[in-house]
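So you can see what is in the structure, the chains are spelled out below.
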Amino acid sequence: RLSAEWKNSFVNGQINKFYYSWLWTIKLNADIDLNGITLNEPINLGLWGAFEGQNHTIKNVTINNADDAGLFNAGGCSIKNLIIDNVTVKGGYSGNATAGILASSSSKFIDNVTITNSSVEGGKYTGGVVGYGYADVTNCTLTNCVVKGGYKLGGVIGYVCAENVTRKIEGNALTDCAVQG
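Residues numbered from 1 in each chain as written. Predicted model: local features only at pLDDT ≥ 70, side-chain atom pairs only at ≥ 80, totals over all residues. Heavy atoms only, no water.

A few words on the sheet that holds strand β11 (residues 125-127). Across the sheet, which stays open at both edges, the three strands sit in the order β7-β11-β16 with parallel pairing between neighbours. Looking at which strands have only one partner, the edges of the open sheet turn out to be β7 (98-100) and β16 (153-154). In this sheet, β11 lies alongside β7 in parallel orientation, the contact comprising three bridges. Following the sheet pairing, A99 is matched in β11 by T126. (Pairing = 2+ DSSP bridges. Helix = DSSP H or I, 4+ residues; strand = E, 2+ residues; numbered from the N terminus.)

Written out as structure tokens, the structure is:
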């Protein structure tokens, strides 16, 4: 079903206004087993408003990228209520490369994400959940994970960009994890 706002935007020839206003939501309605495939770059969520995992699981995937690496490049998309299992992320080491198990970068919020049996290895900005973020990261849990990186490294987030704004990095937990830098 189309919302009244979307219908009005479409009818009045203003579809781009709606499209670029970040109002879209992706809802995961089932678990996804990627059966050990390798992706060469993150899944780009930058044009979406929200990714709602609905407590479903994405598992068994490797992401290799010479620059930014993570399951997602979240951009301006919020991510919540998602489970990640057996995800291996290998990012770049040069320049401002970013790497996170969930996302290489994020500029909205990440809430209630569970990550298990996973690892990330990257360069300048590397974190267990997100590498580089203008984001709040709350209520995330990492269990049996490894985070390896260089400069600006963290178990939850590698680098928090505040720029005169207070960011919430709270309610997160690491259990049986190794953070090596």
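Our next topic: the state of the cysteines. Enumeration according to the criterion identifies zero disulfides in this entry. With no disulfide partner, C145 has as its closest neighbouring cysteine sulfur the one in C177, 4.6 Å distant. Residue C145 is classed as buried on the basis of its relative accessible area, which comes to 1%. (Disulfide = S-S within 2.5 Å. Buried < 20%, exposed > 50% of the residue type's maximum accessible area, 1.4 Å probe, protein only.)

Taken as a whole and assessed by the stated rule, the structure comprises one salt bridge. Here E52 makes a salt bridge to K80, at a shortest N to O gap of 3.9 Å. A residue pair is termed long-range when its members are at least 10 positions apart, and E52 in strand β4 (residues 50-64) and K80 in strand β6 (residues 78-90) qualify at 28 residues. Residue class for K80 comes out partly exposed when judged on its relative accessible area of 30%. (Salt bridge = Lys/Arg side-chain N within 4 Å of Asp/Glu carboxyl O.)

Shape descriptors only; they carry no functional weight alone.
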